[in-house]
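Chain and residue survey
Below, each chain spelled out in residue letters.
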Amino acid sequence: MINFLPRRKFTRFVRHQIAGIKDGGKSVIWGKAKKGLLWGGGAITGVIFLPFVLIIWALRSIVFIRFGYFLAHRIGHFAFDVDYYLSGRECSKREKNWNTIDLFFLAGAPCNSFLVDLVKRELRVSPLVRIPYFSHKLMPWKSGNLVLPAWKINGSRDHMGYLANTGPHLSLSDSEDRAGVEFLGRFNWKPGEPIVCLIVRDSAYLNTIQSGKDWNYHSYRDTQIANYHSAALALAKNGYWVFRMGKAVEREFGVTHSRIVDYANSAWRSDFLDVWLMSHCEFCISTSTGFDSVAAVFRKPLALVNFMPLAEFQTWSSCVLAPSHLIWKKSNRKLTCREHLVHCYMRTEQYEAAGIEVQELSPQEINYVVEEVESRITGSWVDTVEAMEKQSRFWDIYKANQGWTPKKAFFHSEARISTRFLDNHPNFLD
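Let me sum up the structure you'll find in this document. (Residues numbered from 1 in each chain as written. Predicted model: local features only at pLDDT ≥ 70, side-chain atom pairs only at ≥ 80, totals over all residues. Heavy atoms only, no water.)

Right, let's get into the packing of helix α8 (residues 174–185) against helix α11 (residues 271–280). Relative to each other, α8 and α11 sit at 95°, their axes nearing to 10 Å. What the angle tells us is that α8 and α11 run roughly perpendicular. Every residue of α11 that contacts α8 at Glu176, Asp177, Ala179, Gly180, Val181, Phe183 and Leu184 is listed here: Phe272, Leu273, Trp276, Leu277 and His280. Residues that form the contact of α8 with α11 fall into these classes: eight nonpolar, two polar and two charged. (Axes fitted to C-alpha atoms, helices over the stretch in contact; angles between N-to-C directions. Helix = DSSP H or I, 4+ residues; strand = E, 2+ residues; numbered from the N terminus. Parallel < 35°, antiparallel > 145°, perpendicular 65-115°, else oblique. Contact = heavy atoms within 4.5 Å. Nonpolar A, V, L, I, M, F, W, Y, C, P; charged D, E, K, R; others polar.)

Attention shifts here to α8. The first and last C-alpha atoms of α8 sit 16 Å apart over 12 residues, in line with the 16 Å expected at 1.5 Å per residue. When α8 is considered as a whole, its buried residues turn out to be Glu176, Gly180, Phe183 and Leu184. For α8, the angular spread of buried residues about the axis comes to 95°, placing them on one side. Exposed residues pointing more than 90 degrees away from the buried face of α8 are listed as Asp174 and Glu182. In this structure, the buried side of α8 is in contact with α5 (113–122), β5 (195–199), β6 (241–244) and α11. (Expected span 1.5 Å × (residues − 1). Buried < 20%, exposed > 50% of the residue type's maximum accessible area, 1.4 Å probe, protein only. Arc of directions from axis to C-beta.)

So, on to the sheet that holds β5. As summarised here, the arrangement of the seven strands in space is β7-β6-β5-β8-β9-β10-β13, forming an open sheet in which the pairing is parallel. Either end of the sheet is taken by a strand with one partner, and the two such strands are β7 (260–261) and β13 (415–417). Looking at chain direction, strand β9 (residues 302–307) and strand β10 (residues 319–323) are connected through five bridges and run parallel. If you follow leucine 302 over to β10, its bridge partner there is cysteine 319. Sheet strands touched by α11: β5, β6 and β8 (283–286). Its angle to β5, the strand with the most contacts, is close to 120°. (Pairing = 2+ DSSP bridges.)

This is the structure in structure tokens:
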């Protein structure tokens, strides 16, 4: 007996496919056809190998083998989900609660070839694992032999605190570290000089790398690179090297300084250096793009600016966050924290339909967040009693008003909304 999708779920699936085809046209049809053939072939092969899978299931009291996968085409989910699995495994081993052999395959075209290499050093990965995975999917009962990625379980969110309670699991070799040092030495960077990675989201990456879909519904998260000039210059004057990151970007950075590098537009950008820079930075400035997950898996602090929606706060990370401004178009009044959480939409047209304008932080507001993160890292920041009370009040509001991290989940002690943001917007917590 084979499990089939419930009618309601199947109907939603069909509607989703039709909507995707309408948005992307012929290229989406071809992409979905290829994906269908791949998964269909896996399912057919899975049926053939069912007897083999039944033997594995029968022997699980002796040797428990599990099969899983990771999405490799989106760097945020790929990096986070792998580290979430590895961190969870380490925590379970501490409690002597891990006795499985886990095998994986990668789904989708890899977003970063070097990241794939690092993952394969830590996990058993083979495309052949797709066969027993599908075979287990076809079993009429839940065998416990499947390992699902975090995005499928919890939306790639660490509610358990696995990452905070473990160190990095992906690591570069000594020769790879030397290669990165030698390469940056060509530009007069010296070992030990601090690096900051800057990631500013625009539409170029998805429109270029995954052009078969209309990504305009994400445009509310795009920001102007020019608004980050002053923050980069301030860091450079304080001795930091600032690397503007990105695999495909719309505009050049447009800042001239010996310590500021428009790496995203350089001829020498590579998958290797993408990871090397993120693993060696002091902290990462990001508008929450997915790429910052690479910094997070190496346990680097984050300055999250123009973060949207607020309900998606990365509560499990060491970060200082300031959201974009949301403004009621009719009254020109900025939305409060509670209103942010209620109107936490994921599509541009939803904000428009609600009569809400999404407004970027000003260059000075971005500066404030970056300065706060840098001061906290160097130990020069001191929280006042009033600041701590405001922070506590924010978390009370977040937990009571549909924040996406459950009340009883793990909250990182260094996850906070920017103190400077709260000071400059006193009505936000009303």
